[in-house]
Every structure is written in C-alpha cells, then in structure tokens.
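# What the coordinates show
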Amino acid sequence: MFDGQKFLVYNKTNMKTKVMKASIRALVVFGKIIRRGEIAAFPTETVYGLGGDATNSFAVEKIFKAKGRPSDNPLIVHLGSKFRIKKYVETISPLEREIIKKFMPGPISLVLKKNELISSLVTAGGNTVAIRIPECKLARRLINFSRRPICAPSANTSKRPSPTVAAHVLEDLNGKIPLIVDGGQTEVGIESTVVKVQDGKVYILRPGKISKEDFEKELNVEVIEKAGGAVVESPGVKYAHYMPKCRMVLAGENDFEKVKNFYNSAESSGKSVVIFCKNSDLEKFKGLNCVGLGEDSVDASHNLFKALRDYEENDLIIALKITNGTMAAGLYNRMSKAAKGEEI
C-alpha cells in the first residue's frame, strides 16, 4: 500500500468529484481516467462500483485508500465480455466454462486462478481472482471504453451500506475520486453471488441474486454454501459491512407482537425508531413509524441499502426477516451484517 508520505499527499489533494449522466461523453471520460491510473465510480446491475485498472497496482492502491478498505479484503475484476476471461486466468475447467456460459453476463462472480497480469493487491495476496461480467449494458460499455480489466468493490466508504444510486456514492466519496457516472438506481440492489468450483462441486462464498437452487437446476451438480478460509477469496465474508449509522436489529418474519413491544420500549426511553417489513405487513404496525421494503426478498434486496441510508438518522432500525422470494439468502446475509448479527 502507500507509504506514509504518499498517503498524506494523496489525501491532501483537493479533488473535485464530477457526476456525469450516462452518455458517450461519460464513456470517453471514464475510459481516459481509468487508462491514466485513476479511479472512478460506475453503475452495475447490482450496486455502484469503484473501479480502477486491475493490472495497475497504483490504481488498486487508490481504491483501498479512497474506501478505507483493509488490504486483505480482495476485489472483484469486471470485464466487458466473457471472451476476455481467458486473458487473465491460468485455466478454466469444463464446469467453470458451463457456469460462464449459463450465468454470464449476470450478477455472478466466479473465482478462478489468476495469471501474472492481475495485480496481487487485487487478490489480497492470493492466487485466485473473482471474475464478473456485469449484466448492465452501461457497465460493460464503460469497461470496454477503458480497454482495461476493472477491479471494483462497492463505491462507498468501507462498512457503509453499498450505494444503489449515484447520490450515495457522492455522499461517501465526494472529493476522493474524480468521476461518478450516474446510471440511475441499480436493478438488483445487493452485490453479486460469488462462487468457486472445487472437486467437481460449486461452493457459494457469498450469496446474491443467483441462488443455490439456480445452480442446482442449471448445472445438475452439488452446490455447497460456504464462507471463509485462510486466504479470503471473496469480498464480504471477513469484515463488517453495510452498517447504517444507527443501531439495527433483526426480528422474525412473523414476530409482530415482539417487534411492537421492542419498538414501544425503545420509544418510551426517548429513542426514534423505524420498522422495516413487507408491504403486506404495514397494516400490522399501524400508528408506528414503519417502511415497506416490498412484497418479497427480491423487492427488499432492491430497496434495502437505500432504506438503510434514508432512515439511519433514527436511533434504531428494527428489520423483520423476509423469507419469500428467490433472494432470501442474499437478503438475510446483508441484513444480518448490517445489524452486526443482533436479533431480538
């Protein structure tokens, strides 16, 4: 990483952050910024990413510094086409090729053995790299205009809720990066599913939109949900993430009376409280400060990070689990981390 002197110089730079709506001009400017070793934020279908040239260690350092991200937390490399993957990895097995064929482009990152072109800073010193081809056409165009592989974590300060609109990026990184490309609100709302193939099985290292059932259906192989290891191969599994400024707790999906009692107790002690739940459950909390995240885990995933930022000025968020829909595992993963595992 930067030594002390370089770190001070970098942080003293009075950088003006420009927000540009998606356009040909934005594509050109983004490409130039990346090629000269700078970093910039851009939208994908999942969340906004903070991108830099994955082959340039100085650019990668800037990502870690801008976010305040630990250097042992690896980054995902984004490419504009799945046909570019072979340029940056050692080998691709038949099962890995099948995953690429059936799920890319899409909200999935596949861990493969990297080659020498990818900076070791990207992979936290490991010999594997998570590769992703975004489903978002704008993201792929931006990557292709840069003519570089783009390593990109979420474009927020480390531990904060991931950004799903350009305003979230500006809130966290204003003055730290030169450019944010504004593509509107992201579609999925939580980060990609991260998977690894080992011994003929698919391991899910981080849940997302693409579920265990999706892999089992399309690949007809054993799929195992797993996290951790001596060398972290996936972001989002080692450190605290997604936390609002206020305290957050989780509750069971149908624990309505428990939630109301907890709410009233906190409010009676002078706390400002908000409840997150399904739209269909709003009536059960009539008269209380309550926000509907949608009707299922897909809706709630799309809305969660924005809601965390919108309501974090309260003293307490009580979030009911939402288990229906195809993104229940990914949603619970983000909610639990945002609440630091605290449940009532």
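Preceding this paragraph is the structure being described.
Summary of the structure given here. Note that this is a predicted model, so its numbers are computed, not measured. (Residues numbered from 1 in each chain as written. Predicted model: local features only at pLDDT ≥ 70, side-chain atom pairs only at ≥ 80, totals over all residues. Heavy atoms only, no water.)

## Section: the sheet that holds strand β15 (residues 316-320)
- Strand order in the open sheet formed by four strands is β12-β15-β13-β14, with parallel pairing between adjacent strands. The open sheet has two edge strands, β12 (247-251) and β14 (290-292), and neither has a second partner. If you compare each strand with its neighbour and ignore which way they point, the axes differ by 20° on average.
- Inspection of the sheet shows strand β13 (residues 273-277) paired to β15 by four bridges, in the parallel sense. Within β15, the position partnered with valine 273 by the bridge is leucine 316. (Pairing = 2+ DSSP bridges. Helix = DSSP H or I, 4+ residues; strand = E, 2+ residues; numbered from the N terminus. Axes fitted to C-alpha atoms, helices over the stretch in contact; angles between N-to-C directions.)

## A few points about the nonpolar core
- The biggest cluster of nonpolar side chains holds 44 residues, and the ones touching the most others in it are Val77, Ile85, Val122, Ile177 and Phe215.
- Counting residues in hydrophobic clusters, the runner-up holds 24 residues, among them Val188, Leu308, Leu331 and Ala339. (Core = buried A, V, L, I, M, F, W, Y, C linked by side-chain atoms within 4.5 Å. Buried < 20%, exposed > 50% of the residue type's maximum accessible area, 1.4 Å probe, protein only.)

## What about helix α2 (residues 24-35)?
- Along its 12 residues, α2 runs 17 Å from first to last C-alpha, staying within 8% of the 16 Å computed at 1.5 Å per residue.
- The set of residues buried in α2 consists of Ala26, Leu27, Val29, Phe30, Gly31, Ile33 and Ile34.
- Against the buried residues of α2 lie β1 (18-21), β2 (40-43), β3 (48-53), α5 (137-146), β7 (150-151) and β8 (179-182).
- Count one or two residues on from α2 and you reach glycine 37, which has phi positive near 85°. (Expected span 1.5 Å × (residues − 1). Contact = heavy atoms within 4.5 Å.)

## Quick word on the pairing of strand β9 (residues 193-198)
- Burial analysis of β9 places five of its six residues in the buried class, the great majority of the element.
- Taken together, the four bridges between strand β5 (residues 108-113) and β9 define a ladder with parallel strand orientation. The partner of valine 111 across the bridge, within β9, is lysine 196.
- The loop that links β9 with its antiparallel partner strand β10 (residues 201-206) comprises two residues; one of these, aspartate 199, has a positive phi angle of about 55°.

## Focus: the pattern of salt bridges
- Considering all chains together, one arrives at 20 salt bridges under this definition.
- Salt-bridge contacts for arginine 148 lead to aspartate 53; the nearest nitrogen and oxygen are separated by 3.4 Å. In this pair, arginine 148 is assigned in the loop between α5 and β7 and aspartate 53 in strand β3, connecting sequence segments 95 residues apart.
- By relative accessible area, which is 27% here, arginine 148 ends up partly exposed.
- A salt bridge links arginine 334 to glutamate 191; its shortest N-O distance comes to 3.0 Å. Here the residue arginine 334 occupies a position in helix α10 (residues 328-338), and glutamate 191 occupies one in the loop between β8 and β9, the gap between them amounting to 143 residues. Glutamate 191 matches arginine 334 in its accessibility class, with the two residues each being buried.
- Salt bridges sharing partners connect three or more residues here, namely Arg160, Glu171, Asp172, Lys245, Arg309, Glu312 and Glu313. (Salt bridge = Lys/Arg side-chain N within 4 Å of Asp/Glu carboxyl O.)

## With respect to the packing of α2 against α5
- Look at α2 against α5: their axes get within 7 Å of each other, and the N-to-C directions meet at 50°. As judged from the angle between their axes, α2 and α5 are oblique. Along this stretch, α2 crosses α5, giving a crossing that reads as right-handed. Residues Ile24, Ala26, Leu27, Val28, Phe30, Gly31, Ile34 and Arg35 of α2 lie in contact with α5, whose contacting residues are Leu138, Arg141, Leu142, Phe145 and Ser146. (Parallel < 35°, antiparallel > 145°, perpendicular 65-115°, else oblique. Left-handed = near helix turned anticlockwise from the far one by under 90°.)

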